[in-house]
Amino acid sequence: MTVSGLDLVRASLRWDAAGDRALRALDGAGWEAVMATVRRRDGQALLARRLSRLPALPVPEYVAQELHRFRLDVAIRTLAGLARLGPAIAAAGVPVMALKGLDLGTRLYGDLGARPMGDMDILVRPTHVAIMADALRAQGFRVAQVAQPPPHHLSFHAPLPGGLPVELHWALGADDGDGRRMSMLDEVWDDAVPMEVCGVPLLALQRHRLMPYLCQHLENHLFETPLTHIWDIAELLEQDGDRFDWTGFWSACDRLGRRKGGEAAMHLVSASLGVTTPAPPLPAAVRALLPDIVPHLGRHPHREACEPSAGFALLTDPQTPWRARWRVLRRILFPSRRLMAAGGAGEAGLRTYLSLWRTLATNHLRNRAIRRAPGAEVQARVARRTRLGQWLG
């Protein structure tokens with residue numbers, strides 16, 4: 001029986017004894033199939049990290065060299081991005097917190113080349129949004145005009161082709177506008193810790209806040225993310241070991257109203273990587289709603305042009321409670337003042353505002369298109385995503 005490259009990668013990336021056996025069983029043809037798969041899906045960093053757990057394993061020379069070159073390329077791209085971001089932070093003169101890869105590459109992985117980033121995520125206080133956005137524009141970053149900017153951050157294109165974009169956040173999640181989560185955001189700033197990434201002074205989340213935030217980010221995307229984001233959770237669990245405070249983690253999830261998201265994230269860590277956690281098992285019906293993250297490896301999942309956004313799918317689904325529908329509609333129709341401040345005054349801000357108001361019409365056309373789609377795959381994916389969003393609340 002022929003085993004596909006993806007099946008070999010799926011088995012080899014697991015952190016348990018079954019993953020060790022899968023790696024040791026690879027022959028010449030198996031390594032070629034594995035490398036072809038990780039090249040197509042930008043999974044070289046994950047494979048390199050997995051191989052570092054078996055330092056005595058004999059690896060073909062071409063594999064070792066290719067993974068080493070990939071790590072160098074990631075580090076060079078990150079350094080080039082920081083060379084642009086650093087002066088912007090210095091010019092802004094306001095506290096800036098590193099999020100996700102910008103933080104984890106140094107603090108968790110200890111190697112800028114081991115943890116690729118699709119962009120550089122930074123968090124500023126809501127009152128400093130316009131200042132930081134102006135500093136980014138002064139360094140050549142340009143506001144990304146998208147159909148539906150999220151209500152808690154805005155993306156900026158890199159000054160040069162191939163450079164790292166920046167995501168400027170003023171909240172940790174799309175629903176941080178209510179009083180409870182705004183007070184928690186103040187706590188995040190109050191106990192932030194200083195860090196430095198290649199000479200750029202930044203702040204970082206306290207260690208005990210890191211895991212709830214990683215799970216919250218996954219839930220924000222309905223868990224449709226690269227496998228890299230699940231890998232981050234596994235790395236944090238292993239690094240903390242028996243010191244990890246599970247009671248504090250579940251308490252933080254409850255405070256955020258993200259208990260189900262935390263349980264789903266831990267299930268995916270176990271199902272995808274074979275890392276055991278004390279999280280309660282999910283019902284079979286819920287497990288069927290969660291996406292298979294492994295095939296994405298280092299890439300974001302592809303979405304067809306005719307697929308409506310997750311928010312619009314919830315808005316138009318008759319099973320969605322009216323309260324949830326109003327919450328989605330309010331985000332679309334009434335963009336936050338912070339989003340407008342990040343977009344900038346004058347023409348750039350006007351374009352940002354008009355793009356938000358075009359969202360309903362754009363997504364309505366997409367929703368009509370999906371009904372005319374000949375295949376059922378896209379419709380099933382949207383239905384699954386909608387049901388998952390309803391379960392998460």
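Scroll up for the structure.
Residues numbered from 1 in each chain as written. Predicted model: local features only at pLDDT ≥ 70, side-chain atom pairs only at ≥ 80, totals over all residues. Heavy atoms only, no water.

**Concerning the nonpolar core**
And step 1. Counting residues in each nonpolar core, the largest one holds 100 residues, and the members touching the most others are Met 132, Ile 233 and Met 266.
And step 2. With sequence-adjacent residues up to four places away left out, Met 266 is seen in contact with Met 211, Cys 215, Ile 233, Leu 237, Trp 246, Phe 249, Trp 250, Thr 277 and Ala 279. (Core = buried A, V, L, I, M, F, W, Y, C linked by side-chain atoms within 4.5 Å. Buried < 20%, exposed > 50% of the residue type's maximum accessible area, 1.4 Å probe, protein only. Contact = heavy atoms within 4.5 Å.)

**As for helix H1 (residues 5–12)**
And step 1. Looking at H1, one finds that the buried residues are Gly 5, Leu 6, Val 9 and Ser 12. Considered in projection along H1, the buried side chains sweep an arc of 130 degrees and stay on one side of the axis.
And step 2. Taken together, the buried residues of H1 touch helix H2 (17–24), helix H3 (28–40) and helix H4 (44–51). (Helix = DSSP H or I, 4+ residues; strand = E, 2+ residues; numbered from the N terminus. Arc of directions from axis to C-beta.)

**Topic: the pairing of strand E4 (residues 153–157)**
And step 1. Pairing analysis gives two bridges linking strand E3 (residues 142–143) to E4, with the strands arranged antiparallel. Pairing of Arg 142 across the sheet is with His 157, part of E4. (Pairing = 2+ DSSP bridges.)

**Looking at the environment of Met 195**
And step 1. Positionally, Met 195 belongs in strand E6 (residues 193–197).
And step 2. Look at Met 195 and you get buried, because its relative accessible area is 15%.
And step 3. Spatially, the C-alpha atoms of Met 195 and Ala 98 are 8.8 Å apart, while their sequence positions differ by 97 residues.
And step 4. With sequence-adjacent residues up to four places away left out, Met 195 is seen in contact with Ala 98, Leu 102, Asp 103, Thr 106, Val 200, Pro 201, Leu 202, Leu 203 and Ala 204.

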